[in-house]
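Structure assessment
One letter stands for each residue in the lines below.
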Amino acid sequence: MPTISVENYLKAIYHLESHGEVPVKTKSLAERLEISLPSVTSMLKSLARDGLVDYKPYHGASLNEDGVRAALKVIRKHRLVEVFLVQTLGLSWDEVHEEAELLEHAVSESLVARIDDFLGHPKFDPHGDPIPTADGQIHRLETIRLDEAELGATYRLERVLDQESDVLQYLDKIGLTLNRSFTVVEILSFDGQLFLDIHDTDPLRAAISKSLAERLLVTKL
């Protein structure tokens, strides 16, 4: 069974690869995990010996088939735990990430299967991240980043890539939660800031910076 440290590395490599960094650089892993470069290098060598990553010094690391499978198992646990904490215990979406980071290493696969059954097999977690199935399948939506949206068009928020508490609390404050629809009513030419009319909220209009818009995934209605 992978250790907590191994699971964290596999999950981090998976996320970095998902954002287009292939192979994943040692420096990127060190920054994401807040671990020294020598420690990361040592772990990557160990993961390669265990048959979970393909690693070349000074080049980077990539998950192989076994590594992807192991990473998806821990990601599945994390996201199902988040749904459970929100739907069953009433935690808000800005509270669950850190709790799930701890619990994902403690719950067994059999317990996760029971949680999945209890919740009705959700496809997405509270932030819109897809939940892998037990056999590693992922349901993906065709989305764009909000900063790519068209002026005057109407969209629905599908996923929030930035799960920092202050970001989620701001989105809560302006009423821009998952599955909420909105219309882009203004885009500032000099800095890309967007102004949205968020449907069924008061106040109606809200501002979203370009940097935040890059981390919000939406579908056009």
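Definitions and limits used
Residues numbered from 1 in each chain as written. Predicted model: local features only at pLDDT ≥ 70, side-chain atom pairs only at ≥ 80, totals over all residues. Heavy atoms only, no water. UniProt positions renumbered as here; feature names shortened; annotations may be inferred. Domains from an automatic or database assignment. Helix = DSSP H or I, 4+ residues; strand = E, 2+ residues; numbered from the N terminus. Buried < 20%, exposed > 50% of the residue type's maximum accessible area, 1.4 Å probe, protein only. Contact = heavy atoms within 4.5 Å.

By the naming in an unreviewed UniProt entry, the protein chain goes by Manganese transport regulator and is assigned to Bradymonas sediminis. Looking at the Sequence similarities (unreviewed entry) heading of the UniProt record, one finds this comment for the protein chain: "Belongs to the DtxR/MntR family."

1. A short note on the domain arrangement of the protein chain
Split into domains, the protein chain comes out as domain 1 (4-63) and domain 2 (144-220). Taking the mean C-alpha position of each, domain 1 and domain 2 sit 33 Å from one another.

2. Re the environment of Asp172
Note that Asp172 resides in helix α7 (residues 165-174). The partly exposed category is assigned to Asp172, whose relative accessible area is 37%. Distance in space between the C-alpha atoms of Asp172 and Ser92 is 9.7 Å, their sequence separation being 80 residues. Beyond its immediate sequence surroundings of up to four residues, Asp172 is in contact with Trp93, Asp94 and Thr177.

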